[in-house]
Amino acid sequence: MSGRVKAAFSFLGILLIDQLVKYYVELTMLPGETIPVAAPFFHITFVLNPGAAFGIFRDQQWLFLATAIVFSAAFIAFYRRLRRSGSLIHYGSVVLAAGAVSNLIDRIRLGHVVDFFDFRIWPVFNIADIAIVLGTAAVLWALFVQKREIR
């Protein structure tokens, strides 16, 4: 299977899983409702997040939409270069883009992002947020630790 096909499956897989889980949470829970999974450490809590990570920039939808659109356009424009730059940069960028697009879909569809993983010592987050963090970490590791370049 080619790198592009793997990247496409990764992108679509993350996007679909995140959107389906968010939809399930929306259908089965009320905002603010929490379900203990491994009390007291882990709960599923339905949170409507009108901000960015940790709720910063609350209700700045124009900023989030513009940032996500610019990021998506840059990702598409530079995809060939990212693909040639090594696996960590390539797949890290794909995973990061999938998370960003999934949260963008929420913002367009609902006006906020649906969050649900609640570890009680950290702000509530979702699968797209995990993808964004892991994708960013992979790209930064490749650039600064492995000293890879975007070709």
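Bear in mind the structure is a predicted one, so any value in this text is a computation, not a measurement.

Participant: Quick question: what am I supposed to make of a nonpolar patch on the surface here?
Facilitator: A surface patch of nonpolar side chains, about 500 Å² in accessible area, is lined by Leu88, Leu140, Trp141, Phe144 and Val145. Here the nonpolar patch takes 4 residues from helix H4 (residues 127-145), the largest share from any one element. Within the fold, Leu140 resides in helix H4. Judged by relative accessible area, Leu140 falls into the partly exposed class, the value being 41%.

Participant: What exactly am I supposed to notice about the packing of helix H1 (residues 3-28) against helix H3 (residues 87-110) here?
Facilitator: A pair of packed helices is characterised by two quantities: the angle between their axes and the separation of those axes. Following both chains from N to C, one finds H1 and H3 inclined at 35 degrees, their axes separated by 9 Å at the closest point. Seen from above, H1 lies across H3 with right-handed handedness. Its residues assigned to classes, the contact of H1 with H3 shows 12 nonpolar, 7 polar and 6 charged.

Participant: Help me understand the sheet that holds strand S3 (residues 113-118), please; the structure alone is not making it clear to me.
Facilitator: Either a parallel or an antiparallel arrangement is found when strands of a sheet pair, and the pairing is made through backbone hydrogen bonds. The strand order across the open sheet built from 3 strands is S1-S2-S3, with neighbouring strands paired in antiparallel fashion. The open sheet has two free edges, formed respectively by strand S1 (34-38) and S3, since each of these has just one partner strand. Neighbour-to-neighbour, the strand axes of the sheet open up by a mean angle of 25 degrees, direction not taken into account. Taken together, the 4 bridges between S1 and strand S2 (residues 42-49) define a ladder with antiparallel strand orientation. Its bridge partner lying in S2, Ile35 is registered against Ile44. Where H3 meets the sheet, its contacts fall on S2 and S3, and the angle it forms with S3 comes to roughly 125 degrees.

Participant: So what exactly am I meant to see when it comes to the pattern of salt bridges here?
Facilitator: Oppositely charged side chains can pair when the atoms bearing their charge come close. Throughout the structure, instances matching the rule amount to 4 salt bridges. Between Lys22 and Asp106 there is a salt bridge; the shortest N-O distance is 2.7 Å. Residue Lys22 is located in helix H1, and its partner Asp106 is located in helix H3; the two are separated by 84 residues in the primary sequence. Residue Lys22 shares its accessibility class with Asp106, and that shared class is buried. Here Asp118 ties to Arg120 by a salt bridge, and the two come within 3.2 Å at their closest N and O atoms.

Participant: Just checking my understanding: could you explain the nonpolar core for this structure?
Facilitator: A general trend in soluble globular proteins is that nonpolar side chains are found buried together. Among the nonpolar cores identified, the biggest contains 15 residues, and Phe11, Ile14, Phe75, Tyr79 and Val94 are the most heavily contacted of them. Contributions of two or more residues to this core are made by H1, helix H2 (61-83), H3 and H4. No other element matches H3, which puts 6 residues into this core. Beyond its immediate chain neighbours, meaning those up to four positions away, Val94 contacts Ala7, Ser10, Phe11, Phe75 and Tyr79. If you look at the next biggest cluster of nonpolar residues, it comprises 10 residues, including Phe46, Phe116, Phe125 and Ile127.

Participant: Help me understand the packing of aromatic side chains in this model?
Facilitator: Enumeration over the complete set of coordinates arrives at 7 aromatic pairs. Where Phe117 meets Phe125, the ring centres are 5.6 Å apart and the plane angle is 55 degrees; that geometry is what we call tilted. Between the aromatic rings of Phe119 and Phe125, the centroid separation amounts to 6.0 Å while the plane-to-plane angle is 15 degrees, which identifies the pairing as stacked. Take Phe125: its relative accessible area is 17%, and that puts it in the buried class. Here the aromatic residues Phe42, Phe116, Phe117, Phe119 and Phe125 are joined through ring pairs into a cluster of three or more. Against the face of Phe64 rests Arg107, its NZ or CZ located 4.1 Å from the ring centre.

The rules behind these values
Residues numbered from 1 in each chain as written. Predicted model: local features only at pLDDT ≥ 70, side-chain atom pairs only at ≥ 80, totals over all residues. Heavy atoms only, no water. Patch = residues over 30% accessible without salt bridge, like charges linked within 9 Å, V, L, I, M, F, W, Y side chains within 5 Å. Areas by Shrake-Rupley, 256 points an atom, 1.4 Å probe, with all protein chains shown as cover. Salt bridge = Lys/Arg side-chain N within 4 Å of Asp/Glu carboxyl O. Helix = DSSP H or I, 4+ residues; strand = E, 2+ residues; numbered from the N terminus. Buried < 20%, exposed > 50% of the residue type's maximum accessible area, 1.4 Å probe, protein only. Axes fitted to C-alpha atoms, helices over the stretch in contact; angles between N-to-C directions. Left-handed = near helix turned anticlockwise from the far one by under 90°. Nonpolar A, V, L, I, M, F, W, Y, C, P; charged D, E, K, R; others polar. Pairing = 2+ DSSP bridges. Contact = heavy atoms within 4.5 Å. Core = buried A, V, L, I, M, F, W, Y, C linked by side-chain atoms within 4.5 Å. Phe/Tyr/Trp six-rings, centres within 6.5 Å; stacked < 30°, edge-to-face > 60°. Lys NZ or Arg CZ within 6 Å of the ring centre and 35° of its normal.

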